[in-house]
Amino acid sequence: MHGTLKPDTAQGPEASSSKLSVDSSTVTTSRSELWAFYIYYIGNSGLSGFNFGPSQFQNLLYLAGYDPSQPPFSAPCGSGTNCVLPYLGKIRDINSIVLLTNGISFAIQAVLLLAIGAWADYGQWRPNITIIFTLVAVAVSFAWLGVDDPSKWQAGVVLYVLGLITYQCQGALTFWTAAFPGLTRHLPEVQESAKEVQRGTKDVNEHAAFESLSRNRVSNISFTVCSLGEIVVLVLMLGILEGMKAADSTENNTKAFSALIAFSGAVWLLCALPWFIIEKRRPGLSLPPGSSLLTVGFRQTYIAIRECLRLKQTFLYLIFYFLMGDVLNTTVTVISTLQNSVVSYSTLQLTLLLIVGIITQALGIYGFWVVQKMYKISTKAMLSFNVFWILILTVWGLIGVHTDKVGFKHVWEIWLYQVFYGLMVCPWYAYSQTLISEVSPLPQMFLFFALFSVVGKTSAFIGPLVSSAIITASGNNDNMPFSFLFALGMFSTIFLYLVDVNKSRIECEEFVEAEANREAFGDQSL
């Protein structure tokens, strides 16, 4: 059996990249385990909680809302009118309601991750957390079958929030994604590379570069497999829409939304089962003295934030991730609200748009990876290139503030957006996560992934809340938030430019040694 990498003094299952030893007690990542990891992501792709759930929520708001130029509830919303509803003590535009509810959801996620984010570092808890949240997410998906009428839009608020929490909190941004550095580190070829370093036949930096490319390979292939699987799922959904005659009436269309959400939940469960069964439960850290599972999350997050001040490069990337994550999450949400309105909430149109978007997503992510592998480009350089195109997205929306000619206001723009988003923007989800693993101490990898997720959730509820306020203050101009998002995105690039991954590797090694001596995480550090 191949050995695992770990520093001579580390207490955890992972390790720094330069102090290598062999531990035959750690299981090697098998091909079946790796493919179970990939297949899980087909189900956990966000079709229920991130795509059709939000669209159904906004559809219910639109059907339940009224034209504010007429007496309340006397005239339904139309394509040429504004659309409002009373929400949280105020009459609000439905797009503002979506953004506000989004912000509330992310705030709840931030608190939840503070409480449980660090659990994945200790014992064998992480797989259990993923299983629990997956089952709850599937249950929420099926619950949408009972919410298919505009009069139930308040129940839609609850399911929308729960769907986002269960998808985002356990899905691609935390516990499932956090597994991939460990899977990569235990790949046979990576462990063999480590042995070559021990034998003196390979340089440590060469091994670190090889391990970084291996992480990118696992990350990018998982996204590509997810995209190809999603296409198959969406084609099946077209058959469901045809069978339900979704295009024949608004009522059929609304019921079809809920059916698609439930179907995607069933696919998620089916794809999750192999990962639940095959994933190897590798041992984690022991709880710090004086800590319990109820307190360790808050304590470790506090310490991790404090230690980030010592880990300068990690801290710089944390700031960038906070800001750019807010820009992208909010930009996608704002565009989605505009898109749903432009295509009149048609389940058929939205499904076809998703198929185009996912095909280009697969091409984009895999294309980025092929270029990176061919020219051996660093993760940071690939991410910087990707960020440029995210900013272009905000510029396009910003143009629409004072004109109706462009700015995500026409069907052709929505189709162009799906292609552009897939090819040039989606690689963010692979490279931003991979760079976290390159600037984080490996024994506390899950903790730092959770820390970045908490930071991401904090920024993600600030952006929608600010954007909701901007829309209301601008007289319901739905494009006005792009001015805020463009400025924030430009500012965030300063911090990415300052990140030095090589310096980060040295800082993380020193951090690992301090943790091993309980200088960072021991009682005396508090």
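Keep in mind the model is a prediction, meaning the values are calculated, not measured.

**Comments concerning the pattern of salt bridges**
One pass over the structure, following the stated rule, counts nine salt bridges. Its salt-bridge partner being Lys255, residue Asp148 comes within 3.3 Å of it at the nearest N-O pair. Remark: Lys255 occurs in helix 9 (residues 250-278) and Asp148 occurs in the loop between helix 4 (126-143) and helix 5 (153-170); sequence separation between them is 107 residues. For Asp148, a relative accessible area of 18% puts it in the buried group. Linking Lys245 and Glu242 is a salt bridge whose minimum nitrogen-to-oxygen distance equals 3.9 Å. Among the residues examined, Lys245 registers a relative accessible area of 43% and is labelled partly exposed.

**Examining the nonpolar core**
Counting 121 residues, the largest nonpolar core has Phe37, Phe52, Trp275, Tyr317, Phe320, Leu383 and Trp428 as its most contacted members. With 13 residues, helix 11 (residues 312-342) is the largest single contributor of residues to this core. Setting aside residues up to four positions removed in sequence, Tyr317 forms contacts with Leu383, Tyr431, Ser432, Leu435, Ile436, Val439, Phe452, Leu496 and Val499. Core analysis: the second largest hydrophobic core is formed by seven residues, Leu113, Trp119, Ile129 and Phe133 among them.

**Things to note about the packing of aromatic side chains**
For the structure shown, the criterion picks out 24 aromatic pairs. Ring geometry for Tyr321 against Trp428: centres 6.2 Å apart, planes inclined by 15°, an arrangement best described as stacked. In this pair, Tyr321 sits in helix 11 while Trp428 sits in helix 15 (residues 427-438), placing the two residues 107 residues apart along the sequence. Looking at Tyr321, the relative accessible area reads 7%, which means it is buried. Seen in terms of ring centroids, Phe388 and Trp389 are 4.9 Å apart; in terms of plane orientation they differ by 80°. Their pairing is edge-to-face.

**Focus: the packing of helix 2 (residues 47-64) against helix 12 (residues 347-375)**
Running from N to C, helix 2 and helix 12 cross one another at 145°; their axes reach a closest spacing of 11 Å. Pair helix 2 / helix 12 crosses with right-handed handedness. Between helix 2 and helix 12, the residues in contact are Leu47, Asn51, Phe52 and Ser55 and Leu350, Thr351 and Leu354, respectively. Classifying every residue of the contact of helix 2 with helix 12 gives four nonpolar, three polar and no charged.

**Topic: the side chain of Ser141**
Tracing the sequence through the fold places Ser141 in helix 4. Here Ser141 falls in the buried class, since its relative accessible area comes to 2%.

**So, helix 11**
Its 31 residues give helix 11 an end-to-end C-alpha distance of 45 Å, which sits within 8% of 45 Å, the value for a rise of 1.5 Å per residue. With 23 of its 31 residues buried, helix 11 lies for the most part within the structure. Ser344 sits one or two residues past helix 11 and shows a positive phi near 55°.

**Description of the packing of helix 11 against helix 17 (residues 481-498)**
Where helix 11 contacts helix 17, the axes come no closer than 8 Å and their chain directions differ by 155°. The orientation of helix 11 relative to helix 17 falls into the category roughly antiparallel. Judged by the twist between their axes, the crossing of helix 11 over helix 17 is left-handed. Of the residues contributing to the contact of helix 11 with helix 17, the split by class is 19 nonpolar, five polar and one charged.

**Focus: the environment of Arg92**
When you line up the elements, Arg92 lands in strand 2 (residues 90-93). Excluding its chain neighbours within four sequence positions, the residues that come into contact with Arg92 are Cys83, Val84, Leu85, Tyr87, Ile97 and Leu100.

**Describing unusual backbone geometry**
Phi is positive for Lys245, close to 55°, though the residue is something other than glycine. Inspection of the secondary structure puts Lys245 in the loop between helix 8 (204-243) and helix 9. The phi torsion at Tyr345 lies on the positive side, around 60°, for a residue other than glycine. Within the secondary structure, Tyr345 sits in the loop between helix 11 and helix 12.

**With respect to the confidence of the model for the protein chain**
Confidence in the prediction of the protein chain, expressed as mean pLDDT, is 84, and 87% of residues score 70 or more. Note on residues 1-19: pLDDT is under 50 here. Beyond four places in sequence and across chains, it has 79 contacts. Here residues 522-526 is a poorly scored stretch, pLDDT under 50, and it has 14 contacts once near neighbours within four places are set aside; other chains count.

Basis of the calculations
Residues numbered from 1 in each chain as written. Predicted model: local features only at pLDDT ≥ 70, side-chain atom pairs only at ≥ 80, totals over all residues. Heavy atoms only, no water. Salt bridge = Lys/Arg side-chain N within 4 Å of Asp/Glu carboxyl O. Helix = DSSP H or I, 4+ residues; strand = E, 2+ residues; numbered from the N terminus. Buried < 20%, exposed > 50% of the residue type's maximum accessible area, 1.4 Å probe, protein only. Core = buried A, V, L, I, M, F, W, Y, C linked by side-chain atoms within 4.5 Å. Contact = heavy atoms within 4.5 Å. Phe/Tyr/Trp six-rings, centres within 6.5 Å; stacked < 30°, edge-to-face > 60°. Axes fitted to C-alpha atoms, helices over the stretch in contact; angles between N-to-C directions. Left-handed = near helix turned anticlockwise from the far one by under 90°. Nonpolar A, V, L, I, M, F, W, Y, C, P; charged D, E, K, R; others polar. Expected span 1.5 Å × (residues − 1). Parallel < 35°, antiparallel > 145°, perpendicular 65-115°, else oblique. pLDDT = per-residue confidence, 0-100.

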